[in-house]
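A structural walkthrough
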Amino acid sequence: MKFRYKVLFTNLILLSLGLGLVGYLMIHKNFELAKQTQLKNAIVQNNLVQSSVEYELLQLLNSVSDNSETSNNNTDNNNAEKSSISASSIAAQLPQIGSRVSSSVRSRDSFFYIYFDGEKVYTDDKSDARISDTLFKNLTTGNKNYVIKEESLKHYIYVTSQSVIDEKNLWIVSKCDASEAYTLLDEQINYFRLIIIVILIAESAAMYFISRYMTKPLEKLNHVSEEIAQGDYATRVNVKSHDEIGLLAQKFNIMAQAVSDHVDELNDMVHRREQFVADFTHEIKTPMTSIIGYADTMRSLELPREEQMMALGYIFSEGKRLESMSQKLFELIYLRRHDIEKARVHMADLCAEVVKVVEPAYENRHLTIETEIEDAVLTVNRELLVTALVNMMDNARKASEEGQQVEVTGKFVDNMACNICKDKTDIGEAESADDGKCTRAYEISIIDHGIGMTKEQAAKICDEFYMADKSRARKEGGAGIGMSLVAIILEHHNAVLSVESEPGCGTTMRILLPW
């Protein structure tokens, strides 16, 4: 079931229960008020009948008293006889009295019964309904009992009052029609049902559109999630509300962007792995082909000593290139998976060691090294930083022509923001590090005046097996891994690498080490 229907049905149920409870209480209250009004009317009617009957009886007793001849010497027997006559006379006169009272005080849909000494002596009710004994239980003079009975689809209120005449109980039972209260109850119930139906229909229509409007953003979220599940990671939710659903949409978009970025990273990683395998295979294949070819030639043919030495030289140089490639790959893999130890090192001594390592190769090319190093003590890994600088110096040597000069400088700088290769295997332009500004840093620069590079080539120099000039690099024994190793070493040192180069004008590489 959709959420909007759950909202709709929940509201309908709650509204129905609320209206039903309110309606029940109101109708019940109105019915009780109407019933109390009917009961008061019935009591008034009973009082009227009782007063009229008692008045008639009083008139009768007064007339009997006036017409009787008495003497001062009456005996007790005569008194007993008079009392007997009075009681029988009352019983005989009550039907006539009831008839006169009925004609004078009786109203429509009201009747009364007269009981004297437990016997019914008069009623003007043609139905002559049976009177419940409950009306006479615990009845005392001045109090009244009442019951409500249903007879012939009508409701009547029976009210009983008691008087004592000559030590005999006189009960007056009035019967009043109370159907009006019950008819009003039925009408109110029917009218309330009609109102409930109309309200529920109107509320259902209103709540349907309201719930549909309120859940529309959720449907958008569901639709977008389906599209993302099908691979469309660029889809976003366009929800402009500022409530919880709007906040959920914003978080969903953030999550979708994160998923998209991770997918892009995974795709890029897969691409780089595939490219790495392809490049590695190619780089392995080239020297192996040369080694196998020269070895097969020496095995199959009788070559002069000079040609043998040349073939052995090719085999040796290609073997050294394979050895260098495997060593750098091992270092690259190791550094990716392990942390490094650091110690305080004098940068002047470290740069001097780097120059000493590369000096023989520079002399073979008739290149000169110009150094200007400001000493400083930094916390670094000496061996790895030497390896990084040696690789950079080796790249400067390969890019330079005979007789040129390579400059190495080291100095403190302030408020520098440079470009750094984002990742040791990343392909693309360098990333700006403006948000990682250093207030104080040590800068090492290696400047050559060789063949230079384009901006596109400079942006890719940290990629594995990337060589701006493959023929020149292979001729010089390069494998395209050195700058990748440099990038990961600098990453371990939280250092920044920037490359400035122009074809035909040379290249300037700067390392910014935090101080």
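The preceding data block contains the structure.
A few points on the structure. (Residues numbered from 1 in each chain as written. Predicted model: local features only at pLDDT ≥ 70, side-chain atom pairs only at ≥ 80, totals over all residues. Heavy atoms only, no water.)

**Here's the deal with a nonpolar patch on the surface**
On the surface, Met1, Tyr5, Phe9, Ile13, Leu14 and Leu17 cluster together to form a nonpolar patch covering roughly 660 Å² of accessible area. Among the secondary structure elements, Tyr5 is positioned in helix α1 (residues 3-67). The class for Tyr5 is partly exposed, based on a relative accessible area of 30%. (Patch = residues over 30% accessible without salt bridge, like charges linked within 9 Å, V, L, I, M, F, W, Y side chains within 5 Å. Areas by Shrake-Rupley, 256 points an atom, 1.4 Å probe, with all protein chains shown as cover. Salt bridge = Lys/Arg side-chain N within 4 Å of Asp/Glu carboxyl O. Helix = DSSP H or I, 4+ residues; strand = E, 2+ residues; numbered from the N terminus. Buried < 20%, exposed > 50% of the residue type's maximum accessible area, 1.4 Å probe, protein only.)

**Some thoughts on the nonpolar core**
Met347, Leu350, Leu389, Met392 and Ile511 are the most contacted members of the largest nonpolar core, which has 42 residues in total. Elements represented by at least two residues in this core include exactly α6 (347-364), β8 (377-380), α7 (382-399), β9 (405-413), β12 (441-448), α10 (482-492) and β14 (506-514). Tallying contributions element by element places α7 first for this core, with eight residues. With residues up to four places along the chain from it excluded, the contact list for Leu350 reads Val345, Val380, Arg382, Leu385, Val386 and Leu389. Core analysis: the next-biggest nonpolar cluster, separate from the first, contains 16 residues, Leu94, Ile97, Phe112 and Tyr122 among them. (Core = buried A, V, L, I, M, F, W, Y, C linked by side-chain atoms within 4.5 Å. Contact = heavy atoms within 4.5 Å.)

**Here we look at the packing of α7 against α10**
Contact pair α7 / α10: the axes reach a minimum separation of 9 Å and the direction vectors enclose 145°. Of the two elements, α7 crosses α10, and the hand of that crossing is left-handed. Between α7 and α10, the residues in contact are Leu384, Leu385, Thr387, Ala388, Asn391, Met392 and Asn395 and Gly482, Met483, Leu485, Val486, Ile489 and Leu490, respectively. In terms of residue class, the contact of α7 with α10 is built from nine nonpolar, four polar and no charged. (Axes fitted to C-alpha atoms, helices over the stretch in contact; angles between N-to-C directions. Left-handed = near helix turned anticlockwise from the far one by under 90°. Nonpolar A, V, L, I, M, F, W, Y, C, P; charged D, E, K, R; others polar.)

**Let's talk about the sheet that holds strand β5 (residues 168-177)**
What the five strands build is an open sheet, ordered β2-β1-β5-β4-β3; its pairing is antiparallel. The strands lining the two open edges of the sheet, one partner per strand, are β2 (119-123) and β3 (144-151). The average angle at which neighbouring strand axes cross in this sheet is 25°, direction not considered. Judged from the eight bridges that link them, β3 and strand β4 (residues 154-165) form a sheet pairing that is antiparallel. Its bridge partner being in β4, Tyr146 is matched across the sheet by Val159. (Pairing = 2+ DSSP bridges.)

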